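Chain by chain, the residues run as shown.
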Amino acid sequence: MPVHNSDISEVFNRTADYLDIKGENPFRIRAYRNAARIIGSLSRSVADMVAHEEDLTKIQGIGQDLAGKIKEIVKTGTLPLLEQLKRELSPELSALMEIPGLGPKRVKVLYDEMGIRSVDELRQAAEEGKVRTLPGFGAKTESVILEEIGKIKETKKGGLRLKLAVAEQVVEPLVGYLKKIAGVKEIDVAGSYRRRRETVGDLDILVACGQSCPVMDKFVGYEDVEKTLSRGKTRSSVVFRNGIQVDLRVVPEASYGAALLYFTGSKAHNIAIRKIAQKKKLKINEYGVFRGEKRIAGRTEKDVYKQVGLPWIEPELREDRGEVEAAQEKRLPRLVRLEDIRGDLHVHTTWSDGRSSLEDMAEAAKRLGYEYLAVSDHSKHVTVAHGLDEKRLSQQIKEIDRLNGKLKGLRLLKSIELDILESGSLDLPDRVLEDLDLVICSVHSKFNLSREKQTERIIRAMDNPHVHIFCHPTGRLINERRPYEVDLERVMNAAKERGCHLELNAHPDRLDLDDVECKRAKEIGLKVAIATDAHSLDDLRFMRFGVGQARRGWLEPEDVLNTKSWEELEGFLKRY
Ligand code: DGT
Ligand code: CA
Ligand code: CA
Ligand code: ZN
């Protein structure tokens, strides 16, 4: 059974966590964390590379030793070291570390001081008021822990939602495999996946094929399938080994469009469409549009929409957030597309914590057809990322000038990702910012300020007339870290007043701003920069996730800064 990159990364991270709790050598721990990060952000399947006997050491940052461990994980799904650590300490420490606010450091204290080895033991100790007595905990932390334990129970009930990028890694090979089966005429992944939601609950695949097509047998026999939940002629459900449920439905060609519309959803959109159909005395379902007994549409989505008097609606809009009314009034947006994007405005290189060189990043951007690429390494306050001080920044500027002299067709923009300090001041002086084409800034620490203080801090940063873009505006990490407390509407209005812009960070773990916030930014009249925050060549391809989220937020090319040519963009970067 193939192992996904995210599984490998998880094994490395777990191993690092356990070593941390055991109090092992920090360098050894860091090596595992680096490996997790590198594998987690690769766009190629490592299991595939192993299957093709490719040399893993050609992956940047992977040496002989790690290559051997990766092969071990691909083969067995785990590492002997991790299994031994689990036996030695407790297999349930992983679950403890997943509680927000409880990293390996705190779990170590719980384990060392009180011998807590599982979530249940922790809950009991917290309920008895014992946790607050531990060094670095306190009554507040104790009550937060109890609250979070309650939430785990709730989300477990609702089931795990997979990040879109992870779902993509699972579903693309599956679709490739199903497509090749003789008799398959059409295939689409419907549901939330097609609507490009940031996470998906399950995957809904739709196939049109003739009689006696073996697609169902091949589907349940697919190598990634761990369990078959149900199996029928027209519908089967299976669970993949990473826990995701995949439904396959087979429909006749004449109903394909109606079924695609139905299973793409959202449910709220479907209900809104059905209401319109009913007013026209039509019946609509997954088989077609019917007047009495007669099917009058069903072959394509477009036919179905047409019969209810609507133009085709882009899947990303189908959330019943005004798209049906907009369609009726012929004012649907012309959503931004990946091809509209002319450059990336936030990337890192080996000058700070990126894993690819400046020159390699430039070449990769050229291959993507970009006209410009902003080199925005971290500034000095972010020491863990080797942030640049004044001196190194001016060295980098010289290097960019040199490269710009020889790169044809791509312009490297001189940029920096400033760290916003707790006070709202920035960590490099104004005189160095004057030499840059683009200044972006973000919050990397002190996530727990009050809403008022966090909002003030960010607005104060934008008071600096050199700042152009405020990045990953809520700081959230999908499924991992909630947004910090901030009055985003105030931040947006302040940005607007100052001629600043907001980023939609396209990293699939962030997608920050989210869809609803993008729409709000547009309504306020702000422009959004869709940028990848790439730390490697492969990461540059995260742009597609950002574009998906922007489309869900109704953004059109004119709402997005990096659909403009550099000449136009330069105009937009003038502060008021
Ligand atoms: P997910 O899987 O939670 O990320 O979200 P979806 O949207 O993929 O939802 P899912 O998998 O439960 O169902 C796929 C689509 O099927 C859904 O978007 C709309 C349609 N659908 C499911 N149940 C109903 C229903 O009760 N009524 C209507 N009108 N449509 C439904
Ligand atoms: Ca679904
Ligand atoms: Ca489903
Ligand atoms: Zn960054």
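Basis of the calculations
Residues numbered from 1 in each chain as written. Chains lettered and ligands numbered in written order. Predicted model: local features only at pLDDT ≥ 70, side-chain atom pairs only at ≥ 80, totals over all residues. Heavy atoms only, no water. Pairing = 2+ DSSP bridges. Helix = DSSP H or I, 4+ residues; strand = E, 2+ residues; numbered from the N terminus. Contact = heavy atoms within 4.5 Å. Axes fitted to C-alpha atoms, helices over the stretch in contact; angles between N-to-C directions. 1 Å grid on protein atoms, 1.4 Å probe; cavity = no way out; pocket = protein on both sides within 12 Å on 5 of 7 lines; lining within 4 Å. Points joined across faces, edges and corners; volume = space filled by probe spheres on them. Nonpolar A, V, L, I, M, F, W, Y, C, P; charged D, E, K, R; others polar. Domains from an automatic or database assignment. Donors = N, O, S within 2.8 Å, 3.2 Å for Na, K, Ca; no water. Tetrahedral: all angles 85-135°; square planar, octahedral: opposite > 155°, others 65-115°. Buried < 20%, exposed > 50% of the residue type's maximum accessible area, 1.4 Å probe, protein only.

**Student:** When you look at the sheet that holds strand β12 (residues 372-375) in this model, what are you seeing that I'm missing?
**Tutor:** Paired through their backbone hydrogen bonds, the strands of a sheet run either parallel or antiparallel. Overall, parallel pairing links the seven strands, which are arranged β11-β12-β13-β14-β15-β16-β17 in an open sheet. Edge positions in the open sheet fall to β11 (343-347) and β17 (528-531), since each of these has one partner strand only. Those strands touched by helix α18 (residues 390-406) are β12 and β13 (411-419), and its axis lies near 160° from that of β13.

**Student:** Is there a simple way to think about the environment of Cys-209 in this case?
**Tutor:** As for its position among the elements, Cys-209 is in strand β4 (residues 203-209). Sequence separation between Cys-209 and Ile-181 is 28 residues, and the spatial gap between their C-alpha atoms is 9.9 Å. Excluding residues that lie within four positions of it along the chain, Cys-209 makes contacts with Gly-183, Val-184, Lys-185, Val-215, Val-250 and Val-251.

**Student:** I tried to follow the layout of surface pockets on my own but got confused; where do I start?
**Tutor:** The method is simple in principle: a probe with the dimensions of a water molecule rolls over the atoms, and the space it marks as empty is what remains. In this structure, the second largest pocket encloses a volume near 450 Å³. Elements that contribute at least two residues to the lining of the second largest pocket include exactly α12 (215-220), β7 (245-251) and α13 (256-264). Among the elements that take part in the lining of the second largest pocket, β7 stands out by supplying three residues, more than any other. Residues belonging to the lining of the second largest pocket are distributed by class as follows: 10 nonpolar, five polar and four charged. Here the lining of the second largest pocket spans two domains, since at least three of its residues come from each of domain 2 (162-251) and domain 3 (256-328).

**Student:** Any chance you could explain the coordination of the zinc ion (ligand 4) here in plain terms?
**Tutor:** Note on metal sites: the ideal angle is 109.5 degrees for four tetrahedral donors, and 90 or 180 degrees for six octahedral donors. Only His-346 (NE2), His-348 (NE2), Glu-417 (OE) and Asp-533 (OD) from the protein reach the zinc ion (ligand 4) as donors, at distances of 2.1 to 2.3 Å. Bound by four donor atoms, the zinc ion (ligand 4) shows angles of 81 to 170° at the metal and therefore irregular coordination geometry. Sequence spacing of the donors to the zinc ion (ligand 4): H-x1-H-x68-E-x115-D. Taken together, the residues span a long stretch of sequence, with His-346 in strand β11 and Glu-417 in strand β13 at a distance of 71 residues. By the burial criterion, His-346 is buried, and Glu-417 matches it.

This is a description of form; function is not addressed.
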